Amino acid sequence: MTQTTAPFFIPDSDEESISSDVSGIGNLLVTTQIPLRPDGSIELGDITAQSECTLASLEASLEKAGSRLEDVLHLTIYLTDMADRPGFNDVYCRFFKKPYPVRCAVGISALAIDGMRVEVTAMAVKTSG
């Protein structure tokens, strides 16, 4: 596989989006995901529903870019209520297996959409494509 120092961007499927779905350089991928359902609507249920939707979106975006959850190196988790951390962790442990990626949870006052409780940013290795 040829290494390159030129960044690349995989566009979001939503033509109105002002963010790429995944960006990368060489074999390093970066993506940020929200609780977006496959039909494009936002999941605004409890932390479990939002976490499941967010991590499923992450998995789909990584696969589209030639990676997988097993290839995630680092995950930053943004929570509007740190009391939601155990609920997120329960879902996280269903999506990720040991060895777990390096991760950081950050408590923030709000996210871009009212009612959204979680957002994640991941760095992963591109393993195919």
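Coordinates for the structure precede this section.
The text that follows walks through the structure, step by step, so that each part is easy to find. (Residues numbered from 1 in each chain as written. Predicted model: local features only at pLDDT ≥ 70, side-chain atom pairs only at ≥ 80, totals over all residues. Heavy atoms only, no water.)

**Focus: the packing of aromatic side chains**
For clarity, the cut-off: Within 6.5 Å between ring centres, the rings of Phe, Tyr and Trp (the latter by its six-membered ring) count as paired, and their orientation is classed by plane angle as stacked under 30 degrees, edge-to-face over 60, tilted in between. Buried, partly exposed and exposed residues are distinguished by accessible area as a fraction of the type maximum, computed with a 1.4 Å probe on protein chains only: under 20%, between the cut-offs, and over 50%, respectively. Note on criteria: charge over ring means Lys NZ or Arg CZ within 6 Å of the ring centre, with the direction from the centre no more than 35 degrees off the ring normal.
Evaluation of the coordinates by the stated rule reveals three aromatic pairs. Between Y92 and Y100, the ring centres sit 5.7 Å apart and the planes meet at 35 degrees, which makes this aromatic pair tilted. Taking the relative accessible area as the measure of exposure, Y92 reaches 3% and is therefore buried. Classification of Y100 by relative accessible area gives partly exposed; the value is 37%. Taken together, the ring pairs in this structure connect F88, Y92, F96 and Y100 into an aromatic cluster. Positioned above the aromatic ring of Y92 is the side chain of R103, whose terminal nitrogen or guanidinium carbon lies 4.4 Å from the ring centre.

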